[in-house]
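# Coordinate inspection notes
Here is what each chain is made of, one letter per residue.
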Amino acid sequence: MLFALICKDKPGSLQLRVDTRPAHAAFLEGLISEGKLAFAGPFLDADGKPDGSLVMIEAADMAAAQALAATDPYAKAGLFESVEIRPWNWVFQKPAGA
C-alpha cells in the first residue's frame, strides 16, 4: 500500500535541511533499491526554497509507514515541525510497473 509522508519543516531550519541532505538522499536511494519509494521531493516556499517534503512510500500498513518515516535522516535530525502520514491510491498517470 502507498503512503504519503507530508512533512513540514520547522521555521528557520533551511541550514539543517542543507546539512542533512546527503544522508537523506542516501536514505531515499536505499528505499529505491528496496522497491519502497514511489517518488519524493521538496515543497517550496514563496522564494523557491525547500520548506518541507512529500515522500511517497510503499509499506505494509500504517505502523510500517510510521516506522520507516522515523528512520529518515531529516526526521532523526529534528527538521520536521510535523509529519502527516496518509494512505494513498495512485489512480491516474501511474507508471507501468509501479
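Structural data are supplied above this passage.
Residues numbered from 1 in each chain as written. Predicted model: local features only at pLDDT ≥ 70, side-chain atom pairs only at ≥ 80, totals over all residues. Heavy atoms only, no water.

Positionally, Ala98 belongs in the segment after strand S4 (80–88). The spacing of Ala98 and Ala38 is 60 residues in sequence and 7.3 Å in space, taken between C-alpha atoms. (Helix = DSSP H or I, 4+ residues; strand = E, 2+ residues; numbered from the N terminus.)

Pairing is antiparallel across the open sheet formed by four strands, whose spatial order is S2-S3-S1-S4. At either end of the open sheet lies a strand with only one pairing partner, and these are strand S2 (37–44) and S4. Between one strand axis and the next, the sheet turns through 15 degrees on average, direction left out of account. Examined bridge by bridge, strand S1 (residues 2–9) and strand S3 (residues 50–58) share seven bridges and lie antiparallel to one another. Bridged to Leu5 within S3 is Val55. Packing of helix H1 (residues 14–33) onto the sheet brings it into contact with S1, S2, S3 and S4, and relative to S3 it is tilted by some 15 degrees. Packing of helix H2 (residues 62–70) onto the sheet brings it into contact with S1, S3 and S4, and relative to S4 it is tilted by some 150 degrees. (Pairing = 2+ DSSP bridges. Axes fitted to C-alpha atoms, helices over the stretch in contact; angles between N-to-C directions. Contact = heavy atoms within 4.5 Å.)

The next point concerns empty space enclosed by the protein. A complete count under the given rule lists one cavity of 30 Å³ or more for this structure. Roughly 40 Å³ of volume is contained in the largest cavity. Residue lining of the largest cavity: Leu5, Cys7, Val55, Ala69, Asp72, Phe80 and Val83, and that is the complete set. Looking at the lining of the largest cavity, the elements that each hand over two or more residues are S1 and S4. For the lining of the largest cavity, a count of residues per class yields six nonpolar, no polar and one charged. (1 Å grid on protein atoms, 1.4 Å probe; cavity = no way out; pocket = protein on both sides within 12 Å on 5 of 7 lines; lining within 4 Å. Points joined across faces, edges and corners; volume = space filled by probe spheres on them. Nonpolar A, V, L, I, M, F, W, Y, C, P; charged D, E, K, R; others polar.)

Taken by themselves, the reported measurements are silent on function.
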